[in-house]
Amino acid sequence: MKKWRFLLGFGSETGQSRSIAQGMGDIASDQHQICADIFELDEVDKQFKLEDEPVMVIVTSSTGDGEPPSNASKFWRKIRREKNPQFLSHMKYTVLGLGDTNYSNFCNCARVLDRRFEELGATRFYPSAWADDAVGMDSIIEPWLQGLWGALKETLGKFGNSIDPIVNNLSESINQLNLTTENKSTVDRQLSSSNKLKSAEDSITYSSSLAELTTLTLPPKPTHSLAIKLIESSENAHPSSSEPQFHTSILTRRQCLTHDSAIKPVMSVDLQLSEEEFLFEPGDAIKIVCANDDNEVNLLLKRLQWLDKASHQLDISISPDNTKKSAKVPVHIPSMCSLRYALTNCIDIRSSPRKNLLRLFVDCTTDEDEKRRLEELCSKEGSEVYIKYVLEEHLSILDILNHFPTCQPDIAMFIEFLPSLLPRFYSICSSPLDDARCIRFVYSVLKFETRNGRTYERFGVCTNWLNEIEIGTKVGIQTRISQHFRLPATLDTPLIMIGPGTGVAPFIGFLEHLYLLSKSIDGFDVNNLNTWLFYGCRHRQHDFLFEEQIQMHQQINVLKHLFVAASREENYPYRYVQDQLRANSNELANLIYNRNAIIYVCGDIKVMVRDVRETIAHILQEHFDIPNIDEYMKSLETSRRYLLDIWS
């Protein structure tokens, strides 16, 4: 049978777009006999040329303030700089964007690429779509994929774009493709009359809503492209870092900022830079290169019966049976490192396993009831259950394996299909004017109890690592330069800073920087500053972060107005920063509407960011009767007067 082909490019920061693209490639090949050439977008002009591609599908996320992922930045620049309005007039395309509507620039990278392709003459053969992580991406992705293949077949047929010589009879070719029965996407399984996983309440191992279904729609089983051997070694290999873009720093200080009775301890850390060329400003963030917890790695090795192989070295190569044109050895795993080193330093063993991995686990499981439940979790019909019990509860790969004890995947599966361990971002809370070679940041000590499907106690990956390493330990870092979350050029611009909890960190850097500027610039008068800080904590006596520094900045007039909320204090009228915003609504409305104030918001994306935005919109609407408040809020964002530094 003749196979058509198309280009499938992805931009991925966390590995999600990569996983979706690879899954699409498997569906194209297994169910539709279409070849997808899958490449990172930044491989443009190396592995593919846009001028030669008649059909392209793009899957991409965004990062930071709507910027492209790190492996799509070159592609982004190329497309945006292209001047020829007919550059892509030969191309048919569609885009799947991944994002989160809690962020102001939702799916910005995908939307810009979609619009730019059209401006350069390309034509959509299928509507582009924007998947929203805030409500569950599958609710957009799955129906989008269902409609994609018919439109793609029709488009490829018009081009006659095949690996083999062109098929001239379009209708005959499409009929051939539709008749294929290999690798069905549905599975029929006889239900056990005594399901050992059945329980009175729904959980990760049982759902009453799925138990009676006799047919499930499964994703295609991912195909292997790597060959992995274990070479016996008596010692753990500790290769040098394969990430030359990271700078080296030294941990010089670690201090707890909260009282012993605080619910969530907060630590302050100093890193001493060893390189002069490392530049940063207040408002920037840094990436911290961390490692998985040794105990968690040991638990995983024990569960998989790999403890005796932990010191063996991994020899990874492309399988001789590989059929994927885009196959490559994972760059995040150094050559000939030990299995323990890879699981500790290179592979993300904490994030929730994606459906394609659960699909592979089905064939690694011997118990029929466990096999059936894994099929439910990775099926189309089980999407809501997967989101509720796996994603929302942040179950790890080890949790899943503990719940399904007869599942015994091989090492190659972990190496090929688990994502890389990514650095974590932290907002800088110091100024280079104080010490250009010292960076300070804060973090909360995160603890996750054994409940809701979690089978072992664990701490945050990076925060636990930072807590465990010794003073003097080398720490790999990289800056994420903020293009917009910065102090304005005109320092008499009113600044409204909103940061509960550790979200106050960048504003401590702002205030310190303003203070040091006043000392170094002739004619700088702190009395001209108009700075407002809205801070929130649980209890002012237990976890008021940087209290002394903030009070000092008040005394020297760098900080003009401070308003504190305390969510766990009885009889205190301001529980959340929104309460303090409403209490000062007259002044804030005037600053924003009449005096061009800049609003900075830093903190957790889940609830606070949305509620703060709604509160500010309500305040403005109440005082100025703005006809279209949503458009006005968007105008604040596009004019860089409503700026976010947020995390999930």
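Provided above is the structure to which this section pertains.
Residues numbered from 1 in each chain as written. Predicted model: local features only at pLDDT ≥ 70, side-chain atom pairs only at ≥ 80, totals over all residues. Heavy atoms only, no water.

A. Structural view of unusual backbone geometry. Even without a glycine there, the phi angle at Asn-452 is positive, about 55°. Examined against the element boundaries, Asn-452 turns out to sit in the loop between β16 (447-448) and β17 (458-459). Despite not being glycine, Asp-625 has its phi angle at roughly 50°, a positive value. Among the structural elements, Asp-625 can be located in the loop between α19 (608-624) and α20 (629-638). (Helix = DSSP H or I, 4+ residues; strand = E, 2+ residues; numbered from the N terminus.)

B. Local environment of empty space enclosed by the protein. If you walk through the whole model with that rule in mind, you get 2 cavities of 30 Å³ or more. In terms of lining residues, the second largest cavity is bounded by Asn-292, Asp-293, Glu-296, Arg-350, Phe-459, Gly-460, Val-461 and Asn-464. (1 Å grid on protein atoms, 1.4 Å probe; cavity = no way out; pocket = protein on both sides within 12 Å on 5 of 7 lines; lining within 4 Å. Points joined across faces, edges and corners; volume = space filled by probe spheres on them.)

C. Up close: the layout of surface pockets. Computed from the structure, the second largest pocket encloses a volume of approximately 300 Å³. Taken together, 16 residues form the lining of the second largest pocket, with Thr-101, Asn-102, Arg-610, Arg-613 and Glu-637 sitting closest to its centre. At 5 residues, α19 tops the list of elements feeding residues into the lining of the second largest pocket.

D. Fine view of the packing of aromatic side chains. As enumerated under the stated definition, the model contains 20 aromatic pairs in all. Put simply, the rings of Phe-485, Phe-507, Phe-510 and Tyr-600 pair up and form one aromatic cluster. Its guanidinium or amino end placed over the ring of Tyr-456, Arg-458 lies 3.9 Å from that ring's centre, counting from NZ or CZ. Taking the ring centre of Tyr-572 as reference, the NZ or CZ of Arg-540 above it sits at 3.9 Å. (Phe/Tyr/Trp six-rings, centres within 6.5 Å; stacked < 30°, edge-to-face > 60°. Lys NZ or Arg CZ within 6 Å of the ring centre and 35° of its normal.)

E. How the structure looks around the pairing of strand β22 (residues 598-604). Among the 7 residues of β22, 6 are classified as buried, and the element is accordingly described as predominantly covered. Across 4 bridges, the pairing between strand β19 (residues 495-498) and β22 is parallel. Paired with Leu-495 across the two strands is Ile-598, which belongs to β22. When β22 meets strand β23 (residues 642-647), the two strands line up parallel, connected through 6 bridges. Following the sheet pairing, Gly-603 is matched in β23 by Ile-646. (Buried < 20%, exposed > 50% of the residue type's maximum accessible area, 1.4 Å probe, protein only. Pairing = 2+ DSSP bridges.)

F. Expanded view of the side chain of Ser-319. Its location among the elements puts Ser-319 in the loop between β13 (313-318) and α8 (339-346). Residue Ser-319 is classed as buried on the basis of its relative accessible area, which comes to 16%. With near-sequence residues (within four places) excluded, Ser-319 lies in contact with Ser-225, Leu-226 and Ala-227. (Contact = heavy atoms within 4.5 Å.)

G. Spatial organisation of the sheet that holds strand β14 (residues 424-427). Read from one edge to the other, the open sheet built from 6 strands follows the order β14-β12-β18-β10-β11-β15, with strand pairing classed as antiparallel. Each edge of the open sheet carries a strand with a single partner, namely β14 and β15 (438-444). Between one strand and the next, the sheet's axes are offset by a mean angle of 40°, whatever the strand orientation. (Axes fitted to C-alpha atoms, helices over the stretch in contact; angles between N-to-C directions.)

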